[in-house]
Each structure stands twice: as structure tokens, then as C-alpha cells.
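# Overview (structure and organization)
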Amino acid sequence: MSAAAVVALGVMTLGALAPPSASASDSAASIAAARPDAVQQALNALVRDDGMPAALASVQDRGGRTRTYTAGVGDLATGSKVPRDGQVRIGSNTKAFTAVVVLQLVGEGRIGLDTSVETYLPGLVRGEGIDGNLIKVRELLQHTSGLPDYGIHVDDDEIRNRYFEPRDLLDIALRYKADAAPGTTWGYSNTNYILAGLIVQKITGRPLAEEIDRRIIKPIGLRHTYFPAPGERTIREPHPQGYHRNPADGPLRDFTELDPSAGWAAGQLISTNSDLNRFFGALLGGRLLPAAQLAEMRTTVPAGTSGLRYGLGLTSRPLSCGGVYWGHGGDIAGFETRGGVTDDGRAANVAVTSIPTDEAAVQHVKDAVDRALCG
């Protein structure tokens, strides 16, 4: 979630490095521990050179074999180990889940991608240069609505301690003028997905969390993924602690426990690297959407200058070994996750326990994913 993207990178060297684990055999794991592979080396560097308290990864090859990795320490106060494939807050990866639910409803004929937001939420989207009659559902999912982002106007203490209703988040956004006219340019805004979640609830008559659970989490067996309940500040299963630094010269603070409602449909979910691999694999494999809606989701527009392209809640990014991988990524105070899957069945996801804002560290997390998918 971009609201948390104001932290600065810590430059401490934090703890001993944990060896990788392998699902293949104990002997294979022993060899890997003695001679770390490219993924383990990348995680080690994130801790040693970029100051991440911990880094975790899950990598699946074309044959479905999975390896999990850790580096650093799970808790700076106690020095405890990083739980293998531990749960983390996945931030804006939540947007891909929300988009899938919207597109399932499109496939059911209950939502139109090119229907105005006003049709579903009459009178709700109004502001300076903002009119729900002129914004299409597609533009919400694609970040081409021109709506201002509420996230940049929510501070750390609010993110940590305040409970927000979705309408509260929308009210924050609508205090500000539009960033652009609808459909004219790409601009990332968490506000888009708050509206997408509200449309889901209006159409289904059910909470968004229930729709995500019954339409995605349960059908594909995501055993470690859940939408925290209102007021639920903790992480349920084994997890590393998440840390936050703001201002840049301030101390690292433990931000593991927080009220995630500032994310809601844009960033509230908790999951693991392996569950994210399973989700994006099922999505790209056609298990969650009809072919027509999956094709819409994969229809992208340029998003910046790094080769990233954005579809409907789904991104594509070039690989150094050729082709692209599909995923999303997410930041929320204490955690960053990056990764995705390829069309030929490779999957990788990397999590770190502090958001890197130094450009080099940001790139190093992306490089770790690239190594995992191209190794």
C-alpha cells in the first residue's frame, strides 16, 4: 500500500544469515547451505547490504518443486529465527484479489467493465474535477481514473492505530482535486480499489472479505491467507516482525501490530510467499476467471519507465532471461512483497520486513525475484 512508502531504509547489518531450505531432500538442503544458490545470495545481500531485518522467499520451478529461503532475524529484540514461509502483510497484492472478484462478477453479468461508477455507487464520487458518471469500472482497476490517492494523506500513527471505514478513506481522497481526467493517463491510486471493493459489496450484498474468502481463498486452497477482521491487529500464524523507520534518521520501530483497515480492498490481506505463488499460478492458469475476463486482466498499459505494465489489478515486468512475469507486489508499514509467475509455470515471491525506499535497495528486491525466476 503506497501510504507506507515514506519510510527510509535502515543501513544496519542485522543478525546471522539463515540457510535455505529445500523440499527435495536433506542432502540437497545441506549442499545448498554449504554453497548458497543465487536466491540465497540475493536474500543475504538484502540483509547485509540493504539493512533489511529479514528476507524470505518461496520459489517454484516448472515442475512444481518448491524451495523456501530465509535470511536475517525474525525479531530484532530476541534474535529469533525467521519462520520459514512465515506470514506477512502483503499490502497491495490485495488489489489483485479484489480485481479477481470484480472480474468474476463481470463474467457473471453483474458488473460491466465499461459501466460508470455512478451506476453502482450513485452520488458517491463527487469532488473538484471528479464525477462518478465519467469514471468506468475498468479505469478503477487499471488506475486510469485520475482519482487522487488517499494513502499519501494518512500518517504513520493513523496507519498503525486508527480504524477506518472504507467511506472514511474515500472521504479523505475526495477532499483533493482530480489528478487527471478519467482515461487520459495511468496514475497509481489506492482510492480506485476502495471504490472497487464498495462496488463488490453493493452488487453482492456481502462483505468484501467474505467474497474474497469464498471466491478465491477457499477454492484454490490458500491455507495461510486471510482478510483480518475489524480491529484485528496481530498476525495469526508464525511470522517475522515488521519494522518501520520514519523519519530517515529515526530508529527502527516494530510495526508488526497495526490496524490494517487503512488498506482494506487496496492492501489489507495477510499471506505467505508460497500462498501468493499459488494464487498467481491459479489465476494465470485459468482457475479463477473465464478466458475473456483473464484476457481483460492481462491487457496492460505502460506504468512508468522501468518496463512495468499494469492491467486490471495485474502487472507484467520484463525478465533478464527473456519474457515477463505476472504479479502485483505490495508495501505496507513493516513489510514489502514482490514476485509473480511466468506463463510456463515458474513462480517466485520475496518478502522483506521493512520497506526499502533507497532506489538501490528497491532494485535489489526486484533483482532477487529475477534471479529466482531466471536461475
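Residues numbered from 1 in each chain as written. Predicted model: local features only at pLDDT ≥ 70, side-chain atom pairs only at ≥ 80, totals over all residues. Heavy atoms only, no water.

### Focus: the pattern of salt bridges
How we decide: Criterion for a salt bridge: a side-chain nitrogen of Lys or Arg within 4 Å of a carboxyl oxygen of Asp or Glu. Each helix is a run of DSSP H or I of at least 4 residues and each strand a run of E of at least 2, with the numbering of both proceeding from the N terminus.
Across all of its chains, the model carries 22 salt bridges by this definition. As a salt-bridge pair, Asp-114 and Arg-138 come within 2.9 Å of each other at their nearest N and O atoms. One end of the pair, Asp-114, is in the loop between helix H3 (94–107) and helix H4 (117–120); the other, Arg-138, is in helix H5 (residues 137–142), and 24 residues separate them in sequence. Of the charged contacts, one joins Arg-214 and Glu-211 as a salt bridge, the two residues approaching to 2.8 Å between their closest N and O atoms. Remark: Glu-211 and Arg-214 occur in helix H9 (residues 208–217); sequence separation between them is three residues, near one turn of the helix. The structure contains a network of salt bridges with shared partners spanning Glu-108, Arg-110, Arg-206, Glu-210, Glu-211, Arg-214 and Arg-215.

### Regarding the pairing of strand E13 (residues 324–327)
Regular strands place side chains that alternate from one sheet face to the opposite one. Selection rule: In short, DSSP must find at least two bridges between two strands for them to pair.
Judged from the four bridges that link them, strand E12 (residues 315–318) and E13 form a sheet pairing that is antiparallel. In the sheet register, Arg-317 faces E13, and the bridge partner there is Tyr-325.

### Examining the packing of aromatic side chains
As a reminder of what qualifies: Pairing of aromatic rings covers Phe, Tyr and Trp, the last counted by its six-membered ring, and requires centre-to-centre distances within 6.5 Å; plane angles under 30 degrees mean stacked, over 60 mean edge-to-face, and any other angle means tilted. Throughout, exposure labels follow a simple rule: accessible area from a 1.4 Å probe, protein chains only, divided by the maximum for the residue type, with under 20% read as buried, over 50% as exposed, and the rest as partly exposed. The rule is short: NZ of Lys or CZ of Arg within 6 Å of the ring centre and within 35 degrees of the ring normal puts a charge over the ring.
Under the defined criterion, the tally for this structure stands at five aromatic pairs. A ring pair is formed by Trp-186 and Tyr-310, whose centres lie 5.9 Å apart and whose planes are at 45 degrees; its orientation type is tilted. Here Trp-186, found in the loop between helix H7 (166–173) and helix H8 (190–204), pairs with Tyr-310, found in strand E11 (residues 309–310); they are 124 residues apart in sequence, far enough to count as distant. Ring centres of Tyr-188 and Tyr-310 lie 6.4 Å apart, and the angle between their planes is 75 degrees; on these two criteria the pair is classed as edge-to-face. Residue Tyr-188 is found in the loop between H7 and H8, and its partner Tyr-310 is found in strand E11; the two are separated by 122 residues along the sequence. With relative accessibility at 26%, the residue Tyr-188 sits in the partly exposed group. Judged by relative accessible area, Tyr-310 falls into the buried class, the value being 2%. Through a chain of ring-to-ring contacts, the aromatic side chains of Phe-97, Phe-279 and Phe-280 assemble into a single cluster. Lying over the aromatic face of Phe-255, Arg-160 brings its terminal NZ or CZ to 4.4 Å of the ring centre. Arg-236 extends its terminal NZ or CZ atom over the ring of Tyr-226, reaching a point 3.8 Å from the ring centre.

Taken by themselves, the reported measurements are silent on function.
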